[in-house]
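Structure at a glance
Next come the chains, spelled out residue by residue.
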4 protein chains.
Amino acid sequence: MYKIGIVGASGYTGVELARLLVNHADVELTVATSRQYAGQQLADIYPSLRGRTDVVLEDVVVEDLVQRADLFFTAVPHQTAMNIVPALLAAGKKVVDLSADFRIDDAEVYEAWYQEHIAKEFLDEAIYGLPELNRQKIKGARLVANPGCYPTSIILGLAPLLQAGIIEPTTIIADCKSGASGAGRAASVATLFCEVSGGFKAYKVGSHRHTPEIEQEIGKLAGQPVTVSFTPHLVPMTRGILSTVYAGLLKEVGQEEVDRLYDDYYRQEPFVRPCAPGTFPATQFVRGSNYCDIACKVDSRTNRVVVVAAIDNLVKGAAGQAVQNMNIMLGLDEGAGLGVVPLAP
Amino acid sequence: MYKIGIVGASGYTGVELARLLVNHADVELTVATSRQYAGQQLADIYPSLRGRTDVVLEDVVVEDLVQRADLFFTAVPHQTAMNIVPALLAAGKKVVDLSADFRIDDAEVYEAWYQEHIAKEFLDEAIYGLPELNRQKIKGARLVANPGCYPTSIILGLAPLLQAGIIEPTTIIADCKSGASGAGRAASVATLFCEVSGGFKAYKVGSHRHTPEIEQEIGKLAGQPVTVSFTPHLVPMTRGILSTVYAGLLKEVGQEEVDRLYDDYYRQEPFVRPCAPGTFPATQFVRGSNYCDIACKVDSRTNRVVVVAAIDNLVKGAAGQAVQNMNIMLGLDEGAGLGVVPLAP
Amino acid sequence: MYKIGIVGASGYTGVELARLLVNHADVELTVATSRQYAGQQLADIYPSLRGRTDVVLEDVVVEDLVQRADLFFTAVPHQTAMNIVPALLAAGKKVVDLSADFRIDDAEVYEAWYQEHIAKEFLDEAIYGLPELNRQKIKGARLVANPGCYPTSIILGLAPLLQAGIIEPTTIIADCKSGASGAGRAASVATLFCEVSGGFKAYKVGSHRHTPEIEQEIGKLAGQPVTVSFTPHLVPMTRGILSTVYAGLLKEVGQEEVDRLYDDYYRQEPFVRPCAPGTFPATQFVRGSNYCDIACKVDSRTNRVVVVAAIDNLVKGAAGQAVQNMNIMLGLDEGAGLGVVPLAP
Amino acid sequence: MYKIGIVGASGYTGVELARLLVNHADVELTVATSRQYAGQQLADIYPSLRGRTDVVLEDVVVEDLVQRADLFFTAVPHQTAMNIVPALLAAGKKVVDLSADFRIDDAEVYEAWYQEHIAKEFLDEAIYGLPELNRQKIKGARLVANPGCYPTSIILGLAPLLQAGIIEPTTIIADCKSGASGAGRAASVATLFCEVSGGFKAYKVGSHRHTPEIEQEIGKLAGQPVTVSFTPHLVPMTRGILSTVYAGLLKEVGQEEVDRLYDDYYRQEPFVRPCAPGTFPATQFVRGSNYCDIACKVDSRTNRVVVVAAIDNLVKGAAGQAVQNMNIMLGLDEGAGLGVVPLAP
């Protein structure tokens, strides 16, 4: 039984980690921090957890925390993470960081999109935690950088095509739609119910910080640097990301050939589900689960493919993928604690 | 490993049963019927289940079905159930019926609110499947009548007060609110997204068919016949019932005394959670789970209590409670397969 | 052409006033204040108004504002209003106050539910601005206290019954449901999209500040002091209140008699619509409009009536009623600027 | 005072026409047909209209209808429209057809995407009713083909760029998102509240019937045949379309230059609102109104533009644009009856 800590347990990602961990047979949630709610039970802030955990939220005192857990999830904003992670590592702990701080290989790129990086020495070591691509590296890692929600859906959606060399990487356009939980639990006018409900909008057009992460990983798969048009949108729903990705075809391919490509590529993967031929994903069919559902349509009229990928942004896009990484790092069954069936309807 | 069948697997209650059963370690889903979708995989109708079950929907041919399962859930409309259940029982199978057909003890009352009853001979035998009240009887039952969603929330909300003799049964008013999944999955204008979203309404004011069920069970607890004012409302959400129940106090009681009453009454119950003092339930904190969260406010200004009870109508209000009954009937752990943590947010 | 000012124009009630006023032929919006957004155009904060008004938000400097408008709406929180209204009146302006500060006749009652009152000398003069009950008094008023949203629906719902002496005032229970816009536009975790969407809850059970206002006005209609059980609930929708009100019958009445009572009582009223017999209101059918839709069901089984009343909380429950009051105060057509047809679907 | 008829008044588009027409000073709604609800008042089906119109729904008997109105809206499905429109024209009536039957110039293209066309002789005469492009032709028209909802947003979004020759027409990708009202009011499982709420999906990927209409009109503006990648998505909201359109730049342009281009292009247009620089549209800010809000972002990193356009699909995307066309055809003020301010929040 491993002891697990969550740094930043009162945000949506933090409590989602708790939801998964309290149903995980091989680990125990022993530490949960929250500056704002220190001293209160997590289950008092989230009555959904009542009767499932009596963990008490506490302030972040690293030297104290490290005594009481073997692996830590850092579910805090970027910049905060880089201030905490090095100390956790120094104490000999494993870390899955859910912020952006260790995802970007190139510190200059990071600093161009975010701010100064004060823990650059860990960038080389940090493994980009997409198990479908990096499983072996994750196994031995001390520090895993858990991928962003948008990048997860885009990269899993494009990987088979890029590996097969079917699409032109310079033509990739990712039009992505997310539920409001992606914006977190901070009080803010922009994410009030009345501002979001019954409406739909684009935001950060051409300037969202997931762009360099997407380009870095797509570039690796393509074997060349790429720029990607990436537009996020806000959907009036709580959970879910659906990414619609367009790319020009480099050669003529048939629909069946592409269907087979995806089936083969993801055959062994427990959490990626290519859709039945002719059908497309919907976020409601992955809600609450760690699945990524994918379909790829060959549009011969326009000589493009349209890839549609759906995840629950809080699960495969954050906490679920983090638990999957934890399982791999600790040598547990990769699917342990992740058996939740999607909640539909 | 018990083999389980679902008659009526393509409605919301049926697929919810499937969601719970595919994660249940001690049973196997071997039969699932649907007239409309016979021949297709359940997971093709509900891609949420893709990779979790390959059960194929079939038409209802009782003599054939009974060969392949030990216990059946009948998740079909009232009147349809009474045409199927007797044959299942005759074949020696156990049955949890989720319709209203075997909930009402008195056939005349049933016929006044529904239609002619053609299987009255089973009314005496059928056990009203509210485990918190009837656990012992359920243990030995062949036929369990799974309670209605509204009645479940109201009865669990009032039971401690009625048993303690604190409230006047003739003053009970139950103002109840349900998500749209309670209306089922039939194509209908009234439950289209555009008709329900962004609006709120009362329906069947003073005439909903759950009324006699509520009055029957409240009457048993009160030890006298009662009439209850019951008004259902439609909330623009998919899952959840919140019942707000008013009753006049027979004697002066303090808030702490009532809090203690609920804590004591439900101390041993795995699925009833009295709220922390001073807090009230919300449907989002039970979503997807088998919990019933309850609070009771003493309002000395008006000499009344206000009881607020929340359930997920598809779980504790239908499929979850049915699985709980199945567990009891089969001698399994009562909570087996019901460990889902509420999905919040 | 009257000049009109809105003090507190950037909240939901303020912008709703602006929405109505920019389409009002007889008035001009000349002043709009907002501490937070001073210096910006209102249409920049609410792009819905782009092209309809170029009014610039400004800080509240009463001596300056009063030069530029004839009548002011004060759409600010209670306690703030009492600090501004006296100065507006002193400058000879008419005021429609949308806060609670001048609704309660008895300063002691106000202070028991709110806080100290520092402008008690205006309580006698302030007219409770429910045109259906107080039209004549509003005509000559300098200061109108615009009713609360919940009280408006409850009082209009019960007035015919109370005037006819059919119900027992001590038995009134008002179970009310509101959209999230009632909570205002302040950044807050409790009203984030993810906290409200897909859920339903009761709040301030037995302690909501609209209680004394409801009891005061019901008491006047009943001709005796009354206490009322009042429970507000939060519906996952933006606009709308639906109140379900229960009361015991003092004598036997038939459904047709009660239908006729409501039709007669509201025959001349432009904004109250008794429903067609046998039908009930829904908030979506009044959305965006100044209507109050009402139905009353006689339930002879329980010897009670169930009254259901629906309004748009931002219109008939706030800004629309305020404009209706303004029209009466200024001698304009009472329905001017209020011709919006409900937005359904 | 012109007399107006609506053929197909009980669908969402039909009732939206009624909502606009009952507030239009220069016309009177004299005819409203509905096979399903013949004999009932429209206001009984849509209580939102109670007190605003007493028009009674009737079956479609063309020779009878034409006696009682000067202009007809045909708000019926494609294929039904082509069976009715010729008779209306033959009786000397003007027609605004809201179906797809007269939008496609080339009958072969129509028949490739829809079905056989039985009224081809009117295709030449029918004017594509986008006032911003075809105002002069609409003035003299007998038959106006009201544009589709998706095409309206895409064409208005791209017109300034295409006219200016800035973008490469072969690179256009339109990723579009619509509320559920676009699917109409027919009973259907796919548009039930529980199927749509809380989820997001793509549909008809690469095969939606608005494709040829988009390509036809874009082709005219581009002066060359074009194919367009068009992917519609279903948003869990009732009203609104937001289209995100990508295109490659043919030359280097600055953001300010493009902002000026849109401002100039739409300066005289009453219903197109270029957004304030640096801001983007949201459907909630056009809800219920006839506005189209547009922003165009120059993304020099990728050498593309991203155009975002928002409309209310039932208004500028259907009924509002139809009334705008009617106003032009009848020589009325183009904005008459269309002064509704967007309902936000």
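Residues numbered from 1 in each chain as written. Chains lettered and ligands numbered in written order. Predicted model: local features only at pLDDT ≥ 70, side-chain atom pairs only at ≥ 80, totals over all residues. Heavy atoms only, no water.

Considering the pattern of salt bridges
Residue and element names in this part refer to chain A.
- Inspection of every chain in the model, using the stated rule, returns 80 salt bridges over all chains.
- Among the ionic pairs, R135 bridges to E269, the shortest N-O distance being 2.7 Å. Of the two residues, R135 is situated in helix 6 (residues 131–139) and E269 in the loop between helix 10 (255–266) and strand 11 (272–274); the sequence distance between them amounts to 134 residues.
- Sharing partners across several salt bridges, the network here consists of E16, R19, R239 and D312. (Salt bridge = Lys/Arg side-chain N within 4 Å of Asp/Glu carboxyl O. Helix = DSSP H or I, 4+ residues; strand = E, 2+ residues; numbered from the N terminus.)

Description of the sheet that holds strand 4 (residues 71–74) of chain C
All names here are of chain C.
- Read from one edge to the other, the open sheet built from seven strands follows the order 3-2-1-4-5-7-6, with strand pairing classed as parallel. Edge positions in the open sheet fall to strand 3 (57–58) and strand 6 (127–128), since each of these has one partner strand only.
- As paired strands, strand 1 (residues 2–7) and strand 4 are joined by four bridges and run parallel to one another. By the bridge assignment, V7 is partnered in strand 4 with T74. (Pairing = 2+ DSSP bridges.)

A few points about the interface of chain A and chain C
- Tallying the contact residues gives 19 residues for chain A and 19 residues for chain C.
- Approximately 1600 Å² of surface area, both sides summed, lies buried where chain A meets chain C, with 66% of it carried by carbon and sulfur atoms.
- Interface area lost by chain A to chain C is led by L192(A), F193(A) and C194(A), which between them contribute 41%.
- The tally of links from chain A across to chain C stands at two salt bridges.
- Between E195(A) and R185(C) there is a salt bridge, and its shortest N-O distance comes to 3.4 Å.
- Linking chain A with chain C are six residue pairs in polar contact (both at pLDDT 80 or more), by the criterion used here.
- The leading source of residues in the side of chain A that touches chain C is helix 8 (residues 193–196) of chain A, at four residues.
- Its residues placed into classes, the side of chain A that touches chain C shows eleven nonpolar, six polar and two charged. (Contact = heavy atoms within 4.5 Å. Buried area = accessible area lost by both parts, 1.4 Å probe. Polar contact = N/O pair within 3.5 Å; in protein donor to acceptor, adjacent residues only side chain to side chain. Nonpolar A, V, L, I, M, F, W, Y, C, P; charged D, E, K, R; others polar.)

Structural notes on the relation of the copies chain B and chain C
- Expressed as a screw transformation, the operator carrying chain B onto chain C has a rotation angle of 180 degrees and an axial translation of 0.0 Å, and the superposed copies differ by an RMSD of 0.0 Å. Both copies of the chain, as the preceding transformation shows, are related through a two-fold rotation axis.
- The share of interface residues of chain B whose copies in chain C are also at the interface is 100%, consistent with both copies meeting through the same surface. (Least-squares fit on C-alpha atoms with pLDDT ≥ 70 in both.)

Here's the deal with the domain arrangement of chain A
All names here are of chain A.
- Once the domains are mapped, chain A shows domain 1 (2–125) and domain 2 (150–313).
- Taking only C-alpha atoms, the centre of domain 1 and the centre of domain 2 are 27 Å apart.
- Both faces considered, domain 1 and domain 2 share a buried interface measuring about 1300 Å² in area, 48% of it formed by carbon and sulfur atoms.
- Three residues, Y12, R103 and W113, lead the burial of domain 1 against domain 2; their summed loss comes to 46% of the area buried on that side. (Domains from an automatic or database assignment.)

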